[in-house]
Amino acid sequence: MDAVEDAMEHFAHVGGQLRSTEPVGLLAPDGGLSETTDWPPDLVPHLDVTPELVRDLYRWMRLTRRLDSEAFALQRHGELGLWAPSLGQEAAQVGSMTALRATDQVFPSYREHAACLLRGVTPAQMLEQWRGVSGCGWDPAELHLNSYSVVLGAHLPHATGYAMGVQRDGSDEVVAAYFGDGASSQGDANEAFNWAAACGAPVLFFCQNNQYAISTPTRLQMRTPVHQRARGFGLESFLVDGNDVLAVHAVTKLAVGQIRSGAGPALIEAVTYRMGAHTSSDDPTRYRDQAESDAWKLRDPIARVEKLLDARGWGSPQWRAELDEECDRLGAELRDACQSFGNVELGGMFDTVLGRRTDLLSAQKAEYADFVASFDRVDGAAEAEGVA
């Protein structure tokens, strides 16, 4: 466990409630639950650990992992241009998303596949952007879920601006923005933190610190943890074990409740681990050793919930079998959806770059159309030559 302990040492004590050298945790890696008497008083009301809640959170984590593994396999078979795995980060996403209202607007980065599932995005809609079929497969206004943001940190000012609009509308809506530890080094992130704090915007910044900004480990990327830096901007901040779905759920409920009541923006830093590659174009064995990965696997977020279910007898064999079947159906739906897309037509992208068409865009679109047509001309010439 040396690798995990070394990572935890990076988080220094800053004093105050819910801020300590150790992330807040409720469910241990061995499946044991800590006593709620050890928790801060304002968090205790959010700790209603029922069999129904545990089964629901476990179900969403299992579905997310199945979707992730199927999509990664599709990319390896050449069906997707790229995929960003979420393996190991299911608890951080499911725990936080289930603490939000369905009407709270969510701004994901590019790895929040659980957010899509929980908001009702279909397998086909989810894969459209990764397949290159469209810029976004769903209606962000309808599902209260913005499109994936592949440009690092670019969506955080957008989330803050949206929250400022919510504030002016007099709504009690909360805006949630997901990002990673690497994005926290971007100017966009720091500008968003400052604007949100200065305006008291109702936004929750949720950082999934998965220990790596692609290949750069957190200990080399920053001298001060994200949750401490957030307080420097004037944000309320929380530090939680991101592999503990129950703790994430409880801390997010507390933070969202405070924001909704008018207390201003907050940030949650969830300490987790990216068990797979940064994206399907990445080889993590080039910058981290197997011993580190093995140590973090012992803290697998799904495995610890399975141990809790077993210890308490909360998951019947029939329920488990039905969940396995549901995961299999999701995998099949994902494969069928991906194979149904057909050829990708990219000409429409020139129509949505700006609010009105410019001469330059028109020229570029015509040039692209001629480029695509050139393949037909070459194929036609080759076919004619073969006939002759």
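A. How the structure looks around the overall build of the chain. Check the secondary structure of the chain and you find 15 helices and seven strands. Taking 388 residues into account, the globule formula puts the C-alpha radius of gyration at 21 Å, and the chain, at 23 Å, falls close to it. C-alpha atoms of the chain, sized along the principal axes, occupy 85 × 50 × 40 Å. Per-residue burial over the chain gives 48% buried out of 388 residues. When contacts within the chain are restricted to residue pairs at least 6 apart in sequence, those whose partners lie at least 24 apart make up 74%.

B. Broad picture of the environment of Gln211. With respect to the secondary-structure elements, Gln211 resides in the loop between strand S3 (203-209) and strand S4 (212-213). Along the chain, Gln211 and Gly182 lie 29 residues apart, while their C-alpha atoms are 8.9 Å from each other. Separated by 3.1 Å, the side chain of Gln211 and the backbone oxygen of Thr272 make a polar contact.

C. Fine view of helix H12 (residues 290-297). Those residues of H12 not exposed but buried are Glu292, Ser293, Ala295 and Trp296. All buried residues of H12 fall inside an arc of 160 degrees around its axis, so they share one side.

D. Region of interest: the packing of helix H5 (residues 123-131) against helix H14 (residues 317-339). Closest axis-to-axis distance for the H5/H14 pair is 9 Å, and the angle between their directions is 50 degrees. One way to sum up the angle between H5 and H14 is to call them oblique. By crossing handedness, the relation of H5 to H14 is classed as right-handed. Two secondary-structure elements touch here, H5 through Pro123, Ala124, Leu127 and Arg131 and H14 through Leu330, Glu333, Leu334, Ala337 and Cys338. Of the residues in the contact of H5 with H14, the class split is seven nonpolar, no polar and two charged.

E. Region of interest: the packing of aromatic side chains. In the structure shown here, the tally under the stated rule is 13 aromatic pairs. With centroids separated by 5.4 Å and ring planes inclined at 50 degrees, the aromatic side chains of Tyr212 and Tyr287 adopt a geometry described as tilted. Taken as a pair, Tyr212 in strand S4 and Tyr287 in the loop between strand S7 (266-271) and H12 lie far apart in primary sequence, 75 residues in all. For Tyr212, a relative accessible area of 6% corresponds to the buried category. Counting every residue linked through ring pairs, the aromatic cluster contains Trp83, Trp130, Trp138 and Tyr148.

F. Just the sheet that holds S7, in detail. One open sheet accounts for five strands, arranged S1-S2-S3-S7-S6; its pairing is parallel. Each of the sheet's edge strands pairs with one partner strand only, and the pair in question is strand S1 (106-107) and strand S6 (236-241). Where strand S2 (residues 175-180) lies against S3, six bridges are found, and the strand directions are parallel. In the sheet register, Ala177 faces S3, and the bridge partner there is Phe205.

G. Region of the structure containing a nonpolar patch on the surface. A contiguous nonpolar surface patch, about 280 Å² in accessible area, is contributed by Val133, Val344, Leu346 and Met349. Along the polypeptide, Val344 turns up in the loop between H14 and helix H15 (359-387). What makes Val344 partly exposed here is its relative accessible area of 34%.

H. View of the pattern of salt bridges. Inspection of the entire model under this criterion finds 18 salt bridges. The partner of Arg55 in a salt bridge is Glu52, and the shortest N-O contact between them spans 3.8 Å. Taken together, the positions of Arg55 and Glu52, both in helix H2 (residues 51-76) and three residues apart, correspond to about one turn of that helix. With its nearest N and O atoms 2.7 Å apart, the salt bridge here joins Glu326 to Arg59. On the criterion of sequence distance, the pair formed by Glu326 in helix H14 and Arg59 in helix H2 is long-range, its members being 267 residues apart. A cluster of three or more residues bridged by salt bridges with shared partners is formed by Arg66, Glu70, Asp328 and Arg335.

Each value, and the rule that gives it
- Residues numbered from 1 in each chain as written.
- Predicted model: local features only at pLDDT ≥ 70, side-chain atom pairs only at ≥ 80, totals over all residues.
- Heavy atoms only, no water.
- Helix = DSSP H or I, 4+ residues; strand = E, 2+ residues; numbered from the N terminus.
- Rg over C-alpha atoms; globule rule 2.2 N^0.38 Å.
- Buried < 20%, exposed > 50% of the residue type's maximum accessible area, 1.4 Å probe, protein only.
- Contact = heavy atoms within 4.5 Å.
- Polar contact = N/O pair within 3.5 Å; in protein donor to acceptor, adjacent residues only side chain to side chain.
- Arc of directions from axis to C-beta.
- Axes fitted to C-alpha atoms, helices over the stretch in contact; angles between N-to-C directions.
- Parallel < 35°, antiparallel > 145°, perpendicular 65-115°, else oblique.
- Left-handed = near helix turned anticlockwise from the far one by under 90°.
- Nonpolar A, V, L, I, M, F, W, Y, C, P; charged D, E, K, R; others polar.
- Phe/Tyr/Trp six-rings, centres within 6.5 Å; stacked < 30°, edge-to-face > 60°.
- Pairing = 2+ DSSP bridges.
- Patch = residues over 30% accessible without salt bridge, like charges linked within 9 Å, V, L, I, M, F, W, Y side chains within 5 Å.
- Areas by Shrake-Rupley, 256 points an atom, 1.4 Å probe, with all protein chains shown as cover.
- Salt bridge = Lys/Arg side-chain N within 4 Å of Asp/Glu carboxyl O.

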